[in-house]
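If you want the building blocks of each chain, they are given just below.
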Amino acid sequence: MEFSISSSRMQEVIDITAKVQAIIDKNKVLEGLCNVFTLHSTAAVIISENYDPNIGTDLLNVLDRLIPQKAGYLHDRIDSNAHAHIKSAILGAGKTLPIQEGKLRLGQWQSIMLAEFDGPRSRMVHVELLPSP
Ligand code: ZN
């Protein structure tokens, strides 16, 4: 199953937990694993807090300090988004989470977030469900 999500800024984190849970609900998976994977090399799927949206901003700011947007990257000769590829590669395009009693088994402060590094644009997210036997 896949869904698309539109980012509205060059860099942002977007909570996609409800969209993933809706797919689990629709498929009536009670126990198992859920893999969430974005089909892009300049975005990432992360688990983070969303109760305080400043956490997302802090994360983006820290990543910008570690991986500045302009640093003479070789790839920038092609399309000027090397920093976005590097951030995506470090954070990872996907995460696998447990499903328990029909719900994503997340901690109280955990959400599934799409991290956008080269927006705004439309992003595809693939959700693969593996029910327990
Ligand atoms: Zn590129």
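Residues numbered from 1 in each chain as written. Predicted model: local features only at pLDDT ≥ 70, side-chain atom pairs only at ≥ 80, totals over all residues. Heavy atoms only, no water.

1. Focus: the side chain of Asp76
- If you trace the backbone, Asp76 turns up in the loop between α2 (54-66) and α3 (82-91).
- Despite its burial, Asp76 remains without a salt bridge, the nearest opposite charge being carried by Lys70 at 5.1 Å. (Helix = DSSP H or I, 4+ residues; strand = E, 2+ residues; numbered from the N terminus. Buried < 20%, exposed > 50% of the residue type's maximum accessible area, 1.4 Å probe, protein only. Lys, Arg positive; Asp, Glu negative; His and termini not counted. Salt bridge = Lys/Arg side-chain N within 4 Å of Asp/Glu carboxyl O.)

2. Some points on the coordination of the zinc ion
- Protein coordination of the zinc ion is provided by His75 (NE2), Asp79 (OD), Asp79 (OD), Asn81 (OD1) and His85 (NE2), with donor distances spanning 2.0 to 2.6 Å.
- Taken in sequence order, the residues that donate to the zinc ion follow the motif H-x3-D-x1-N-x3-H. Here the residue His75 occupies a position in the loop between α2 and α3, and His85 occupies one in helix α3, the gap between them amounting to 10 residues.
- Classification of His75 as partly exposed rests on a relative accessible area of 27%. (Donors = N, O, S within 2.8 Å, 3.2 Å for Na, K, Ca; no water.)

3. Digging into unusual backbone geometry
- Following Gly119, the chain continues into Pro120 via a peptide bond in cis, with omega recorded as -5°.
- Its place among the elements puts Pro120 in the loop between β7 (111-116) and β8 (122-131).
- Unlike most non-glycine residues, Lys28 shows phi in positive territory, near 55°.
- Take Lys28: it is sitting in the loop between α1 (17-27) and β3 (32-38).
- By relative accessible area, which is 68% here, Lys28 ends up exposed.

4. Focus: the sheet that holds strand β6 (residues 103-104)
- In spatial order, the strands read β1-β8-β3-β5-β6; together these five strands make up an open sheet with antiparallel pairing. Every interior strand has two partners, whereas the edge strands, β1 (2-6) and β6, have only one.
- By the bridge criterion, five bridges tie β1 to β8 in an arrangement that is antiparallel. In the sheet register, Phe3 faces β8, and the bridge partner there is Val125. (Pairing = 2+ DSSP bridges.)

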